[in-house]
Amino acid sequence: MNDFYKNLIFKGEKIAVAVSGGSDSVALLHFLCERSKTDGFFVCAVNIEHGIRGEDSLKDSAFVKDFCKKLGVELYFYRVDSLAFAEKERISVEQAARILRYQKFRELLESGAVDKLATAHHESDNAETVLLNLFRGASLKGAAGIKPVNERIVRPFLYTSKREIEEYLRKNALAFVEDKTNGDTDILRNYVRHRIMPEIRSAFPDAEGALSRFAALARAEDEFLDSLALPFVGMEGGVAEVKLGGNPVLLKRALALALKETGLRKDYTNKHIEAAAALAQCENGAQADLPCGYVAKREYKKIVIFKKDGDVYEERPFSYGKFEFCGRILTVEKSSLAEFNGGCGKEGVFFADEDKICKSAVVRTRKEGDVFEKFGGGRKKLKSYYIDLKYPARLRSKLLLIAEGGEILFSGLDVSQKIKVDKSTVNVVKLTYNAQRSF
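Structural notes, computed from the coordinates. Per chain, residue numbering runs from 1 following the sequence as it is written. Local features in a predicted model are, by the rule used here, given only for residues with pLDDT of at least 70; side-chain atom pairs are given and counted only at 80 or more, and totals for whole chains, interfaces and linings are based on all residues. Think of the side-chain values as coming from all heavy atoms in the structure, minus any hydrogens and water.

## Some points on the overall build of the chain
Under the scheme used here, helices are H or I runs from DSSP no shorter than 4 residues and strands are E runs no shorter than 2 residues, and both carry numbers assigned from the N terminus. Along the chain, the regular secondary structure elements total 14 helices and 21 strands. We compute the radius of gyration over the C-alpha atoms and compare it with the globule rule, which gives 2.2 Å times the number of residues raised to the power 0.38. Relative to the compact-globule value of 22 Å for 439 residues, the chain shows a C-alpha radius of gyration of 30 Å, a clear excess of over 25%. Over its C-alpha atoms, taken along the principal directions, the chain stretches across nearly 95 × 45 × 40 Å. Residues classed as buried in the chain amount to 46% of the 439 residues present. For the chain, contacts bridging at least 24 residues in sequence account for 69% of all contacts bridging at least 6. Only carbon and sulfur atoms are counted for the fraction: they give 52% of the accessible area of the chain, which is about 22,900 Å². Counting rule for charge: Lys and Arg are taken as positive, Asp and Glu as negative, and neither His nor the chain ends is counted. Just so you know, the charge point we use is NZ for Lys, CZ for Arg, CG for Asp and CD for Glu. Counting 71 positive and 63 negative side-chain charges, the chain places the centres of these two groups 3 Å from one another. Each residue is assigned to one of three classes by its accessible area relative to the maximum for its type, calculated with a 1.4 Å probe on protein chains only: buried under 20%, partly exposed between the two thresholds, exposed over 50%. Here a residue-residue contact requires only that any non-hydrogen atoms of the pair lie within 4.5 Å. Surface accessibility follows the Shrake-Rupley procedure with a 1.4 Å probe radius. Residue values consider only the protein chains on display as shielding.

Here it is as C-alpha cells:
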C-alpha cells in the first residue's frame, strides 16, 4: 500500500467510505480506519442496497453492517430500486445502479454529515476504464480515465494494484463477499477484466501500471488544454457563449466546456460538438440542434448555446414604475434637465421628452412591422435596426420596448428621434434598462 491517500484526505476531515462488502471496499475501509488513528481524520461508511440481486444483495448489506460494527464505524445505509429506474429511463441496470448510487453519495455530501466520500477504485479499474473509453471512441478526456478527485469524491487506491489489495486482505485476515455478477462477461467491464486484460498482461506484465501512467499524463494535458480554451467561454443568463477566432482544436474544447456550463454534461456526443464547431464556417444565424431542447447558433463572432423557448408577447400601458420581463427590469421615473445633463451617456440610462410620449403608448415586446427612427433621423424596420447593431436575434423578443402603435419610441437599446430631449423640452422622463448583450 502507498501513501497516495495523504494527497486526498487531511487532518480533521470526516470521510465516508463507500462499502459494498467486496474485497476492494473492505480493504479501503480497514486501511483508512487504521491510518485515521495516526493521521487525525475520521472515518464512517456508506452502503447502497441496489435492489438487483434479491437475498444476496440483502446479505451483502448485512455483512457490511456487521463489519462496520466490529470496526466501530458509523454506517449510512440507503436502499434504491435500480430495476425500476432502469426501466423508466430505458437504460441498463448497471447504468441505473451507478446513477442512483452517486445520487445518494452526493446527497450525503450535501447534507454536511461528511466532508468527502472515498471509493475503492484501484489501478486495474483505471486501466479498464481507459480501454473501455478508447474502444468507444473517446477523446483525450476519456483517455484520462478515472479522476483521483472528482469534486468531493476521492479515490485513495487509484494508484494501488489489485495484487497489493489482495495481499493486504490476506495480511489482515479480512473477510469479504463475492458479487456473482462480477463474473458475468456479458457486462462489458467484466469482459475487459476477464477476457482482454489477462491476454494483455501475458505479453505486457505491467500493462495496468502503464495504462494508469498514460491516464495521468492524458489528464494533465487535458486539464492544460481546458485552461487554454476556458477564456473563450462565457456564461450569462443561462446562455453559454464561445468566441470565435481561436485554434479549431480549442474551439471544440471550448464548446464542450460551454455545453457543460449549460448543464448538458453527459447528454451530448462528439457528433454534437462537431455540428456546433461547423457553425464557425457558416453565416450568421445558422444553427445546430443539440440534445434536451438546446441549440447552438452562430451569432456574428461567436457561437451561443441556449435552450429553445417560444416567444411570449407582453404588453402593458406606459406609466411610471417598474416593468419586469425575462429577468430584466425597465424602470420609468420622473427626471429633470439637470439630471439629463449630468447623466446622459451612462450605460443603461436613457432620457426622453415626456410630453412627446402619447398617453396611448404601451410597454411591450416586439411585433412584426415595427419601425424605429434613430437619433439624427434614419427611419427603418426595427429588425433592420437590430441587425445593423449586430444585436442577437435570440434576445430581440425578450426586450421591453415603448411603442405607439407600430412606432417604437424606445428600442431597448436607445430612444427614438421622436422623443429625444431638445431645447424645447420641459418634462424629462428617465428610463433605466440594461439589455443583455454578450461577454
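## Description of the pattern of salt bridges
Salt bridges, as used here, are contacts in which a Lys or Arg side-chain nitrogen is within 4 Å of a carboxyl oxygen on Asp or Glu. Taken as a whole and assessed by the stated rule, the structure comprises 32 salt bridges. Here R201 makes a salt bridge to E208, at a shortest N to O gap of 2.7 Å. One salt bridge in this structure joins K356 and D353, with 4.0 Å as the shortest N-O distance. Through salt bridges with shared partners, a single ionic network connects D125, E128, R189 and R193.

## Regarding unusual backbone geometry
Positioned with a positive phi, Y300 is a non-glycine residue whose angle comes to about 55°. The phi torsion at K390 lies on the positive side, around 60°, for a residue other than glycine. Mapped onto the elements of the fold, K390 is located in the loop between α13 (382–388) and α14 (393–396).

## A word on the packing of aromatic side chains
Where two aromatic rings form a pair, the distance of their centres and the angle of their planes describe that pair. Two rings from Phe, Tyr or Trp (for Trp, the six-membered ring) form a pair when their centres are within 6.5 Å of each other. A pair whose planes differ by under 30 degrees is stacked, one over 60 is edge-to-face, and the rest are tilted. Taken as a whole and judged by the stated rule, the model has 13 aromatic pairs. When the centroid spacing of 6.0 Å and the interplanar angle of 75° are considered together, the rings of F31 and Y168 count as edge-to-face. On the criterion of sequence distance, the pair formed by F31 in helix α1 (residues 23–39) and Y168 in helix α7 (residues 162–171) is long-range, its members being 137 residues apart. Residue F31 is classed as buried on the basis of its relative accessible area, which comes to 2%.

## Quick word on the nonpolar core
The nonpolar core is taken to be a set of buried Ala, Val, Leu, Ile, Met, Phe, Trp, Tyr and Cys residues, with the residues joined through side-chain atoms within 4.5 Å. L330, Y386, I402, F410 and L431 are the most contacted members of the largest nonpolar core, which totals 32 residues. Going through the elements one at a time, β13 (321–325), β14 (328–335), β15 (349–353), β16 (362–364), α13, β19 (401–404), β20 (407–410) and β21 (428–432) are the ones with two or more residues in this core. Core analysis: the next-biggest nonpolar cluster, separate from the first, contains 29 residues, L29, V43, A45 and I165 among them.

## Focus on the sheet that holds β21
If you walk across this open sheet you meet the four strands as β13-β14-β21-β15, and the pairing is antiparallel. Of all the strands in the sheet, just β13 and β15 have a single pairing partner and so form its edges. Pairs of neighbouring strands in the sheet enclose a mean axial angle of 20°, with direction left out of account. A pair of strands counts as paired when DSSP detects no fewer than two bridges linking them. Strand direction decides the pairing type here: β15 and β21, joined by five bridges, are antiparallel. Its bridge partner lying in β21, A352 is registered against V429. Geometry is summarised by axes, namely lines fitted to C-alpha atoms with helices restricted to the contacting stretch, and by angles between N-to-C directions that run from 0 to 180 degrees.

## So, α1
Helix span, as expected, comes to 1.5 Å for every residue beyond the first. In a regular helix each residue adds 1.5 Å, so 17 residues correspond to 24 Å; α1 covers 24 Å between its end C-alpha atoms and thus fits that length. By the criterion of burial, α1 is predominantly enclosed, with twelve of the 17 residues buried. The complete set of buried residues in α1 reads S23, D24, S25, V26, A27, L28, L29, H30, F31, L32, C33 and S36. Residues of α1 that are buried in the fold lie against β1 (14–18), β2 (42–49), α2 (55–71), β4 (116–118) and α7.

Geometric values such as these leave the question of function open.
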